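Spelled out, the chains give:
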Amino acid sequence: MIKKHFESVPEFGIERWWHYDESSDTAVIETVQDHTAIVEANKASFNSVDERSRYNDGMHKVATIPLVILQDLKQKGILNDPAALKRWLNDPENRYFRTRPGQV
C-alpha cells in the first residue's frame, strides 16, 4: 500500500491522503478532519444553555457537525431525511456535536 499526502485545508483542519494498492490496482482518497476545536466549542455552547429552557418558535442552533461527518451523513442519505437526521442528532453517541440539551 502506497500512501501520499494529497491536500491540506488548514482553515477546516482537513487533510486528504491518497492510498494506492498495487495488488488490486485501486486508489482511494481518504479525508480526515481534526474536529477538536468544534467539539470544544460545542461543549461550551451546550453547557451555557439552561436545560429547562424550552425551544420557542423559530430556528435554533442545535449542533455543529464537522464537514467530513456531514459528507458521510449525505452519502448515507441521513442528511436529506429529516427523521433520520433527528435520530442521529438525538443519539447519545453523537452528543459532542450538539450545541444545546434537549431532544430535537
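The structure we're discussing is the one just above.
Quick look at the structure, then. In this text the structure is predicted, and so the values were computed from the model without any measurement.

### Quick look at the nonpolar core
- Val39, Val62, Ile65, Val68, Ile69, Leu73, Ile78, Ala84, Trp88, Leu89 and Phe97 form the largest nonpolar core, which has 11 residues in total.
- At the level of elements, helix H2 (67-75) and helix H3 (82-90) are the ones that each hand at least two residues to this core.
- Setting aside anything within four residues of it in sequence, one finds Leu89 in contact with Val62, Ala63, Ile65, Arg98 and Val104.

### Side note on the packing of aromatic side chains
- Summed over all chains, the structure comprises 2 aromatic pairs.
- With centroids separated by 5.8 Å and ring planes inclined at 5°, the aromatic side chains of Trp18 and Tyr20 adopt a geometry described as stacked.
- Looking at Trp18, the relative accessible area reads 27%, which means it is partly exposed.
- With a centroid separation of 5.8 Å and 15° between ring planes, the pair formed by Trp88 and Phe97 is classed as stacked.
- The class for Trp88 is buried, based on a relative accessible area of 15%.
- Judged by relative accessible area, which is 9%, Phe97 ranks as buried.
- The aromatic ring of Trp17 is capped on one face by Lys3, whose charged end is 4.6 Å from the ring centroid.

### Re the pattern of salt bridges
- This model, assessed by the stated rule, comprises 3 salt bridges.
- Arg16 is paired through a salt bridge with Glu7; the nearest N and O atoms lie 2.6 Å apart.
- Look at Arg16 and you get partly exposed, because its relative accessible area is 23%.
- Notably, a salt bridge pairs Lys43 with Glu40, separated by 3.6 Å at the nearest N-O pair. Of this pair, Lys43 and Glu40 both sit in helix H1 (residues 36-48), 3 residues apart, which is roughly one turn of that helix.

### Comments concerning the sheet that holds strand E3 (residues 26-33)
- In spatial order, the strands read E1-E2-E3; together these 3 strands make up an open sheet with antiparallel pairing. Unpaired on one side and paired on the other, strand E1 (2-9) and E3 mark the two borders of the sheet. Between one strand axis and the next, the sheet turns through 20° on average, direction left out of account.

### Some details on H3
- Restricting attention to buried positions, one finds in H3 the residues Ala84, Trp88 and Leu89. Summarising the axial view, the buried residues of H3 lie within an arc of 135°, below the 170-degree limit, and thus occupy one face. Set apart from the buried face of H3 by more than 90 degrees, the exposed residues are Pro82 and Arg87.
- Elements in contact with the buried residues of H3: H2.

Conventions we followed
- Residues numbered from 1 in each chain as written.
- Predicted model: local features only at pLDDT ≥ 70, side-chain atom pairs only at ≥ 80, totals over all residues.
- Heavy atoms only, no water.
- Core = buried A, V, L, I, M, F, W, Y, C linked by side-chain atoms within 4.5 Å.
- Buried < 20%, exposed > 50% of the residue type's maximum accessible area, 1.4 Å probe, protein only.
- Helix = DSSP H or I, 4+ residues; strand = E, 2+ residues; numbered from the N terminus.
- Contact = heavy atoms within 4.5 Å.
- Phe/Tyr/Trp six-rings, centres within 6.5 Å; stacked < 30°, edge-to-face > 60°.
- Lys NZ or Arg CZ within 6 Å of the ring centre and 35° of its normal.
- Salt bridge = Lys/Arg side-chain N within 4 Å of Asp/Glu carboxyl O.
- Pairing = 2+ DSSP bridges.
- Axes fitted to C-alpha atoms, helices over the stretch in contact; angles between N-to-C directions.
- Arc of directions from axis to C-beta.

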